[in-house]
Amino acid sequence: MSNALELQLASCQEQCKRLEARLNRLLESITDGFIKVDKEWCITNVNPAAERIIGSPREALVGQLLWDAFPDVKGTRFETEYRRAFDESVPASFEAYYAKLDLWVEVNVHPNEEGLAIYFQDIGQRKKADVKLRILERGIESSVNGVVIADARAPDLPIVYVNAAFERITGYSRDEVMGRNCRFLQGDQPDPALGQRIRRELDAQRDFHMTLCNYRKDGSPFWNDLHISPVRDDTQQISHYIGILNDISAEREYESRLAYHADHDVLTGLANRHYLERRLRQSCTPSPGQPQRIALLYLDLDDFQSINDSLGHEQGDRILIEVAARLVQQVRRSDTVARIGGDAFIVMLPEPDDIIAIVERLLTAVARPYLIDQRELHLTASIGIALHDGSGAPDQLIQQADLAMYQAKRRGRNTYYWFSRELDDRVSHRVALRSALQRAIDEGQFELHYQPQFHGASSRVVGYEALIRWHHPERGFIPPGEFIGLAEETGQIVAINDWVVRTACQDNRRLMDMGLGQLPMAVNLSPTQFHRSGFVEAVLAMLEETGLPAALLELELTENILMDSTDKAIETLSALRQHGIGVVIDDFGTGFSSLSYLKHLPIDKIKIDRSFIKDVISDHRDAAIVQGIIAMANRLQLKVIAEGVETQAHHAYLSRLWCDLFQGFYFARPMPFDDLVAFMREHNARAHETDLAQPDASTPTILLVDDEINVLRALTRTLRREGYRILTASSAQQAFELLATEEVALVISDQRMPEMNGTEFLKRIKALYPRTLQILLSGYTDLKTVTEAINEGAVYKFLTKPWDDDELRLIVHQTVREAVSLHDDTGRGG
Ligand SMILES: Nc1nc2c(ncn2[C@@H]2O[C@@H]3COP(=O)(O)O[C@H]4[C@@H](O)[C@H](n5cnc6c(=O)[nH]c(N)nc65)O[C@@H]4COP(=O)(O)O[C@H]3[C@H]2O)c(=O)[nH]1
């Protein structure tokens, strides 16, 4: 080699070294990772960036086979791409994830004659940002809220993006809105004020929120709850506006429905109590231009419950809707009609013209027939009226009208009543009484007094009536008339009367156990108690509990109790009587009831009300009523008792009318149990003495014999006032026993008796007691029997059933006179 050549070579080598050094410096300085491998895949160079990215020092890598240094790349995209570049001598460029180092890298591979030059850079941050962006994009895309993005830098803020929800809410497609300003959502006639407001908010360059009415593509409005936020670039300049649309039409609708329901009755659509009270408060607050006079009408349907019960609630609702419509028709638009509960309505009339005319119109409107399923129904209402006089709380006005309405109901319904102070006082008194009554029930402030009932002719006690007494701790004695009615209304009567029945049964049992007689105890029943289900069972349980025989309990009912539900009442009465419990109609004659119902009632006795007795001796009308009641009772074979018998004259007069049972101050006043015990002891002793006393020799004795008790009674009644001593026997045997012990002037006997016929019976008497005269009383005009009896001298006179009272009295009178003279004769003769 020549020197020149050597020099040239050395210069070239020198240049190469410099170049390599420059290249290495270059590789050292680049930020991408660089790895060089030779054709045997042996790593020949690694730059510092590669060391940093991979996390291994150059010394650990250089000289190693690529696959040994990075065993995890085998079988991955890295290997595929490297081999392809190497084999095909083509550059490759790809992104791949190197799991071992949790590294995303972008790789560029360049094949050359020495092997491969691999450049790579860590793209982890970019990848993360990409994912984040995709999630955000997906979020916006799938949001239920509409999203719209407008370019803030372009003139008139054109839309650059809308999501699917925007398309769904507005009905516009993405293509239709791109590049347009959002104001088209405000419809054909945008509100300039709204536009200005939006402009102002945008100028303020901050987030803002507003609810506005927008229009869909089909023209339908919707409520848009809009949030707008500006988006700033790196220089804090606003590049975009993002708008979030929320269609709140459904919520708005719901809210307005709620607001409507808060003020209205769902069934009738009328105002409800809440609304009425608000209006009333407003109207009652005095202010210029507001009405000062307000009339409040409280209207309650009469007996609506029974319609609901019988027709069902659905039909009941239909009627209520109809009533509501009729009421609205009768008043002015400025008046308020409200439904404040089941069948209760309030009509509020500011500055009313003619209240009565309106009230009457309302009553008439309600009373018009209702056509429900081809059936005509009739309904009435009661109205309470209260007037606002400029003072008093509004809810007080409702209360006052309510009170007045109740008063209208008490006055027979289908009418109206004005509230007054006096009514208020009365009601306050009742409210106080009601609480006091509850205390009385809880603390047992009641007592029973007992009033004996008498058989007039014999002056014997034949029963008692239990009468309640209330000993109020402060007010002293309160008569039943003052609290029974109220207790009935409040339902407290049930507890009270249960106590009465139980106590009366207990006390009657005590009288029985003391040997003071086994007489029926009458107890007053209340309608509520009587109509309650399980009433008969409850009474039987009390009898069982107290050990009182059922025959010693009598229940007194007023006619009115029976009027309401006659069939059911008859069933209850029959059940009571089947168990032997007596049933009495109390206060008879005061109920204005049809007398024909009486014959269907299973009852034992009627009690003539004391209002007829009071003036019976002086007032011919009372006398006529009493006579009529007694005659009717006799026909129906019912016992009659007169109550309120206060004088000897009452007693005498009623006796003459053939009333045989009496109750009243003339005989005995109601008395506490201990006094009754004393009374009965004395009474029984007196009766015993009377029984033992020798009969007055001058009083002729008549013996009535018949197996029918009613005939005996009727005969007794007819003859009782004639000055005879009357004995009765219901069988031949009983008659013989009496004849053996008593001096009998006359025997009146039935022709037919179970053990022997009347002729035979009288024949025997004739034989035994020849001085005793006999009258045969027969329904059979059996000539043979009669002639036989007369021929044999057994019968003195013969009478047919039914007899004529006057004729009977006359014949008996004659016969007794005959008999007495016979006695006298024999007496004188003997
Ligand atoms: N002027 C006058 N009055 C006489 C005479 N004899 C009795 N009285 C009174 O007449 C009333 C008879 O009871 P009533 O007609 O059932 O009328 C009773 C009855 O309807 C009711 N009552 C009394 N106790 C009870 C009870 O325990 N339950 C129920 N539901 N009502 C009762 O209260 C009404 C009044 O009872 P009282 O004040 O005890 O009044 C009693 C009695 O004291 C008389 O000769 N002259």
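For the chain, the name recorded in an unreviewed UniProt entry is EAL domain-containing protein, with Billgrantia aerodenitrificans as its organism.

A.B. asks: Report on the overall build of the chain, specifying residues and quantitative values.
C.D. replies: Helices and strands together make up the secondary structure of the chain, namely 31 helices and 32 strands. Here the chain holds 830 residues, and the buried ones make up 43% of them. For the chain, the computed accessible surface area is about 43,800 Å², with 51% contributed by carbon and sulfur atoms.

A.B. asks: Describe in detail the packing of aromatic side chains, supporting the description with residues and values.
C.D. replies: Between two aromatic rings, the relevant description is the distance of the centres plus the angle of the planes. All told, the structure shown has 21 aromatic pairs when counted by the stated rule. Taking the centre distance of 6.3 Å and the plane angle of 85 degrees together, the rings of phenylalanine 454 and phenylalanine 679 count as edge-to-face. One end of the pair, phenylalanine 454, is in strand 18 (residues 446-455); the other, phenylalanine 679, is in helix 26 (residues 673-692), with 225 residues separating them in the sequence. Using a relative accessible area of 5% as the deciding quantity, one classes phenylalanine 454 as buried. Note on phenylalanine 679: relative accessible area 22%, which makes it partly exposed. Through successive ring pairs, a cluster of aromatic residues spans Phe70, Phe78, Tyr82, Phe94 and Tyr98. Across from the ring centre of tryptophan 104, 4.4 Å away, lies the NZ or CZ of lysine 127, which sits over that ring. Sitting above the plane of the phenylalanine 184 ring, arginine 180 keeps its charged end 4.3 Å from the centroid.

A.B. asks: Give me the site of the ligand: which residues, what numbers.
C.D. replies: If you check the shell around the ligand, you find 20 residues, and the closest are Arg469, Asn524, Arg610, Glu646 and Phe665. Isoleucine 468 is positioned such that a nitrogen or oxygen atom in its backbone is 3.1 Å from a nitrogen atom of the ligand. With respect to the ligand, the side chain of arginine 469 contributes an N or O atom lying 2.8 Å from an oxygen atom. Here the ligand has 790 Å² of accessible area as a free molecule, and 84% of this is covered by the chains. With four residues, the top contributor of residues to the shell around the ligand is strand 19 (residues 460-472). Its residues assigned to classes, the shell around the ligand comprises eight nonpolar, five polar and seven charged.

A.B. asks: Describe the side chain of glutamate 556, with residues and values.
C.D. replies: Assignment of secondary structure puts glutamate 556 in strand 22 (residues 553-558). Once you skip the residues sitting within four places of it in the chain, glutamate 556 turns out to touch Gln453, Glu465, Ala522, Val523, Asn524, Leu525, Val584, Asp586 and Lys607.

A.B. asks: If you had to explain helix 22 (residues 566-578) to someone new, which residues and values would you point to?
C.D. replies: Between the first and last C-alpha of helix 22 there are 18 Å, a value that for 13 residues agrees with the 18 Å anticipated at 1.5 Å per step. Within helix 22 the residues assigned to the buried category are Ala569, Ile570, Thr572, Leu573 and Leu576. Each buried residue of helix 22 sits inside an arc of 165 degrees when the element is viewed along its axis, so together they form one side. Opposite the packed face of helix 22, turned more than 90 degrees from it, sit the exposed residues Asp567, Glu571 and Gln578. Phi for glycine 580, located one or two positions after helix 22, is positive at around 90 degrees.

A.B. asks: Got a sec to walk through the pairing of strand 24 (residues 605-608)? Specific residues and values, please.
C.D. replies: Alternating positions in strand 24 separate into two faces, Lys605 and Lys607 on one and Ile606 and Ile608 on the other, with burial throughout. Across three bridges, strand 23 (residues 582-588) lies against strand 24 in parallel orientation. Bridge pairing in strand 24 links valine 584 to lysine 605. As paired elements, strand 24 and strand 25 (residues 639-643) share four bridges and run parallel to each other. Each bridged residue has a counterpart across the sheet, and for isoleucine 606 the counterpart in strand 25 is valine 640.

A.B. asks: Describe helix 13 (residues 313-330), with residues and values.
C.D. replies: Here helix 13 contains 18 residues, and its C-alpha end-to-end distance of 26 Å stays within 8% of the 26 Å for a straight helix at 1.5 Å per residue. For helix 13, the complete set of buried residues consists of Gln315, Gly316, Ile319, Leu320, Val323, Ala324, Arg326, Leu327 and Gln330.

Cut-off values and rules
- Residues numbered from 1 in each chain as written.
- Predicted model: local features only at pLDDT ≥ 70, side-chain atom pairs only at ≥ 80, totals over all residues.
- Heavy atoms only, no water.
- Helix = DSSP H or I, 4+ residues; strand = E, 2+ residues; numbered from the N terminus.
- Buried < 20%, exposed > 50% of the residue type's maximum accessible area, 1.4 Å probe, protein only.
- Areas by Shrake-Rupley, 256 points an atom, 1.4 Å probe, with all protein chains shown as cover.
- Phe/Tyr/Trp six-rings, centres within 6.5 Å; stacked < 30°, edge-to-face > 60°.
- Lys NZ or Arg CZ within 6 Å of the ring centre and 35° of its normal.
- Near = heavy atom within 4 Å.
- Polar contact = N/O pair within 3.5 Å; in protein donor to acceptor, adjacent residues only side chain to side chain.
- Nonpolar A, V, L, I, M, F, W, Y, C, P; charged D, E, K, R; others polar.
- Contact = heavy atoms within 4.5 Å.
- Expected span 1.5 Å × (residues − 1).
- Arc of directions from axis to C-beta.
- Pairing = 2+ DSSP bridges.

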